[in-house]
Amino acid sequence: MAESVTIDRRFNGPPDSAQGGYACGLLASRIDSPGAAVSLRAPPPLETPLDVRRGYGAALALYEGERPIADGAPTDLELAVPEPVSLAAAERASRDFPWRDEHPFPTCFGCGPARSHTDAIAVLPGPVPGRDLVAATWAPLDEFAGPDGAVTSLFTWAALDCPTSFGALPPNAPTHVLARLDASLIAPVRAGEPHTVIAWPVAREGRKAFGGAAIHDAAGTLCALSRGLWIQVREPSAVGARR
């Protein structure tokens, strides 16, 4: 039988659909693998019952009735990760978050400047001088963690989404939506402890932009990394998972 899940409005990206990383994490957290790839097929609706269905092998899919929303499977993410930045450098960079006053979705759970660190992820990365990347700090809420104090895979995936767009796209880029997120969870992300989040451009292919992101602890240990595929929309009305 399919498992039923419902995404609370708290976890929105655009006002009427889920933050892409949270939606992807719903599947990835149910895949028995440290690495997974999840593709979004439609904007994930809020406060609507969704079915998690098992496919071939370890593959999973998310459906609203018979409408496919997302599908995912294990993967081995291979991605060159830049050297981490210090907590101080990440904090300085975040003060210059370029989208602070012109964010298309200011209430986004992952990166909305109208959200607070007390109820959301709210990672706001800014440029690091002399580096081709953006950075911010993140001290995850205790409620994002399991009994062992480590942030669950669901919320780690949520944190790994939005930064890939800031790494891939300049502030004046036209509207793009998240089409696929690949991630690998390597070491525990500890709730309540400061971490850095960095993001950088990976590649550009026509309407497709690829960005990378990584979470490091205060000692510079790599905890998790991701690669997001963002596709430029042809019509503004087609906006799904983000900018």
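What comes next concerns the included structure. (Residues numbered from 1 in each chain as written. Predicted model: local features only at pLDDT ≥ 70, side-chain atom pairs only at ≥ 80, totals over all residues. Heavy atoms only, no water.)

1. Some details on the overall build of the protein chain
Then comes step 1: A count of helices and strands for the protein chain gives 4 helices and 11 strands.
Then comes step 2: Whereas a compact globule of 243 residues would reach a radius of gyration of roughly 18 Å, the protein chain reaches 16 Å, a difference of no more than 12%.
Then comes step 3: Counting only C-alpha atoms and orienting by the principal axes, one finds that the protein chain spans roughly 50 × 45 × 35 Å.
Then comes step 4: Residues classed as buried in the protein chain amount to 52% of the 243 residues present. (Helix = DSSP H or I, 4+ residues; strand = E, 2+ residues; numbered from the N terminus. Rg over C-alpha atoms; globule rule 2.2 N^0.38 Å. Buried < 20%, exposed > 50% of the residue type's maximum accessible area, 1.4 Å probe, protein only.)

2. A closer look at the side chain of Arg115
Then comes step 1: Structurally, Arg115 is set in the loop between α2 (87–94) and β6 (126–127).
Then comes step 2: Within the structure, Arg115 has its side chain in polar contact with the backbone oxygen of Arg10 (distance 3.0 Å).
Then comes step 3: Here the side chain of Arg115 touches Asp119 through a polar contact of 3.3 Å, side chain to side chain.
Then comes step 4: Ignoring sequence-local partners within four residues, the contact set of Arg115 consists of Arg10, Asn12, Pro106, Thr107, Cys108, Phe109, Ala120 and Ala122. (Polar contact = N/O pair within 3.5 Å; in protein donor to acceptor, adjacent residues only side chain to side chain. Contact = heavy atoms within 4.5 Å.)

3. Quick look at the sheet that holds strand β10 (residues 208–217)
Then comes step 1: Here we have 11 strands laid out as an open sheet, ordered β1-β3-β4-β5-β2-β8-β11-β10-β9-β7-β6, and antiparallel in their pairing. Each edge of the open sheet carries a strand with a single partner, namely β1 (3–5) and β6.
Then comes step 2: One ladder, built from 4 bridges, connects strand β3 (residues 50–54) with strand β4 (residues 60–64); its direction is antiparallel. Each residue of the ladder has a partner; that of Asp51, found in β4, is Tyr63.
Then comes step 3: Relative to strand β2 (residues 35–40), helix α1 (residues 20–28) is tilted by about 125°, and along the sheet it contacts β1, β2, β3, β4, β5 (67–74) and β8 (176–185).
Then comes step 4: Together, β6, β7 (134–138) and β9 (195–205) form the strand contacts of α2, whose direction differs from that of β7 by roughly 110°. (Pairing = 2+ DSSP bridges. Axes fitted to C-alpha atoms, helices over the stretch in contact; angles between N-to-C directions.)

4. A look at the nonpolar core
Then comes step 1: If you look at the biggest cluster of nonpolar residues, it comprises 46 residues, and the most contacted ones within it are Ile7 and Trp138.
Then comes step 2: A total of 6 residues in this core trace back to one element, the largest contributor, which is α1.
Then comes step 3: Beyond its immediate sequence surroundings of up to four residues, Trp138 is in contact with Ile121, Val123, Phe144, Val151, Phe155, Ala159, Val189, Glu193, Pro194, His195, Val197 and Ile215.
Then comes step 4: Leu77, Ala90, Leu133 and Ala135 belong to the second largest nonpolar core, which has 13 residues in total. (Core = buried A, V, L, I, M, F, W, Y, C linked by side-chain atoms within 4.5 Å.)

The values are spatial; any link to function lies outside them.
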